[in-house]
Amino acid sequence: MTTLSGPASAAEGPFFQLTSTAFADNGLLAKKHAGRNPANPNCVGDNVSPPLAWSNPPAGTRSYALVVHDQEGRNGLGVVHWLAYGIDAAVTALPEGAGDGSFKGLVGGKNILGQGSYFGPCPPKTHGPHHYVFTIIATDLAPDALAPGLTMPQLLEAIGSHAKGAAGLIGRFGH
């Protein structure tokens with residue numbers, strides 16, 4: 001587990017941070033967090049999104065957006081595994097499994113399959129572990145400001161100058 005504590009020096013002040021009780025930063029994701037797709041032999045998991053928590057958001061935060069992206073996927077073109085946004089500023093965590101589409105209080109964007117839910121890692125067995133970047137973005141947008149079903153480029157463009165700050169966490173997965 002990555003710590004939720006602040007910086008080593010009190011002079012630095014608290015910083016915006018994303019953590020998970022399921023894996024440390026740059027740690028390995030459990031098989032249950034990998035994707036499940038019987039048509040793809042690389043998808044060996046249970047497709048359960050990991051628990052996430054964040055702390056010390058920037059002043060003026062009204063909502064959050066979450067992006068889970070594999071920059072190594074599709075031979076370097078990248079794979080979007082989860083886009084969730086419209087998360088109210090009062091929310092500071094998502095429980096394990098929140099990416100199944102039933103969690104109230106988040107809007108789903110389009111993942112690699114065009115779905116508004118979490119789709120876990122499915123790296124080819126010959127690639128070794130990929131790095132899955134979990135990024136929480138604090139915005140000054142109202143939680144209901146963005147329509148469902150945005151792609152990653154559409155989401156990032158819509159957030160634009162409304163971004164207040166971001167925090168990231170890397171999980172690795174491979175066969």
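To be clear, the structure that these remarks concern was listed above.
This structure is a prediction, so every number in the text was calculated from the model and none was measured. (Residues numbered from 1 in each chain as written. Predicted model: local features only at pLDDT ≥ 70, side-chain atom pairs only at ≥ 80, totals over all residues. Heavy atoms only, no water.)

Engineer: Break down the sheet that holds strand 1 (residues 17–19) for me, with residues and values.
Structural biologist: If you trace the three strands from one edge of the open sheet to the other, you get 1-3-6, paired in antiparallel fashion. The sheet is open, and its two borders are formed by strand 1 and strand 6 (93–94), each paired with just one other strand. As defined by bridge partners, strand 1 adjoins strand 3 (residues 52–55) across three bridges and the pair is classed as antiparallel. Paired with Thr-19 across the bridge in strand 3 is Ala-53. (Pairing = 2+ DSSP bridges. Helix = DSSP H or I, 4+ residues; strand = E, 2+ residues; numbered from the N terminus.)

Engineer: Talk me through the state of the cysteines; I want residue IDs and the actual numbers.
Structural biologist: Applying the stated criterion to the full structure yields one disulfide. Covalently, Cys-43 is tied to Cys-122 through a disulfide, its sulfur atoms 2.1 Å apart. On the sign convention where negative is left-handed, the bridge of Cys-43 and Cys-122, at about 120° about the S-S bond, is right-handed. With Cys-43 in the loop between strand 2 (27–28) and strand 3 and Cys-122 in the loop between strand 7 (107–108) and strand 8 (130–139), the pair connects residues that are 79 residues apart, well separated along the chain. Accessibility expressed as a relative area gives 15% for Cys-122, which makes it buried. (Disulfide = S-S within 2.5 Å. Buried < 20%, exposed > 50% of the residue type's maximum accessible area, 1.4 Å probe, protein only.)

Engineer: Got a sec to walk through the packing of aromatic side chains? Specific residues and values, please.
Structural biologist: Inspection of the entire model under this criterion finds four aromatic pairs. A centroid spacing of 5.6 Å and a plane angle of 80° characterise the contact between Trp-82 and Tyr-118, whose relative ring orientation is edge-to-face. Of this pair, Trp-82 sits in strand 5 (residues 79–88) while Tyr-118 sits in the loop between strand 7 and strand 8, placing them 36 residues apart in sequence. The same class applies to Trp-82 and to Tyr-118, which are both buried. Taken together, the aromatic side chains of Phe-16, Trp-54 and Tyr-64 make up a single cluster linked through ring pairs. (Phe/Tyr/Trp six-rings, centres within 6.5 Å; stacked < 30°, edge-to-face > 60°.)

Engineer: So what's going on with the pattern of salt bridges? Residues and values would help.
Structural biologist: Tallied over the entire structure, the rule returns one salt bridge. Between Lys-32 and Glu-96 there is a salt bridge, and its shortest N-O distance comes to 3.1 Å. Placement of Lys-32 in the loop between strand 2 and strand 3 and of Glu-96 in the loop between strand 6 and strand 7 is noted, with a sequence separation of 64 residues between them. (Salt bridge = Lys/Arg side-chain N within 4 Å of Asp/Glu carboxyl O.)

Engineer: Now, about unusual backbone geometry: what can you tell me, with residues and values included?
Structural biologist: Positive phi, close to 55°, is recorded for Asn-56, a residue that is not glycine. Tracing the chain through its elements places Asn-56 in the loop between strand 3 and strand 4 (63–70). On the accessibility criterion, Asn-56 (32% relative accessible area) is partly exposed. The phi angle at Arg-74 is positive, at roughly 50°, despite the residue not being glycine. With respect to the secondary-structure elements, Arg-74 resides in helix 1 (residues 73–76).

Engineer: With reference to specific residues and values, describe the side chain of His-81.
Structural biologist: Here His-81 lies in strand 5. Judged by its relative accessible area of 4%, His-81 is buried. With residues near it in sequence (within four places) discarded, His-81 still touches Val-68, Asp-70, Asn-111, Ser-117, Tyr-118, Phe-119, Gly-120, Pro-121, Cys-122 and Tyr-132. (Contact = heavy atoms within 4.5 Å.)

Engineer: Can you lay out the nonpolar core for me, pointing to particular residues and giving the numbers?
Structural biologist: Grouped together as the largest cluster of nonpolar side chains are 24 residues, with contacts concentrated most on Trp-54, Trp-82 and Phe-134. Of all the elements in the fold, those that place two or more residues in this core are strand 3, strand 4, strand 5, strand 8 and strand 9 (163–173). Broken down by element, the residue count for this core peaks at four residues, all from strand 8. In this view, Phe-134 contacts Leu-18, Phe-23, Leu-29, Pro-50, Leu-52, Val-67, Val-68, Ala-167, Gly-168, Leu-169 and Gly-171; residues no more than four positions away in its chain are not counted. Listed in part, the 13 residues of the second largest apolar core include Val-67, Met-152, Leu-155 and Ile-159. (Core = buried A, V, L, I, M, F, W, Y, C linked by side-chain atoms within 4.5 Å.)

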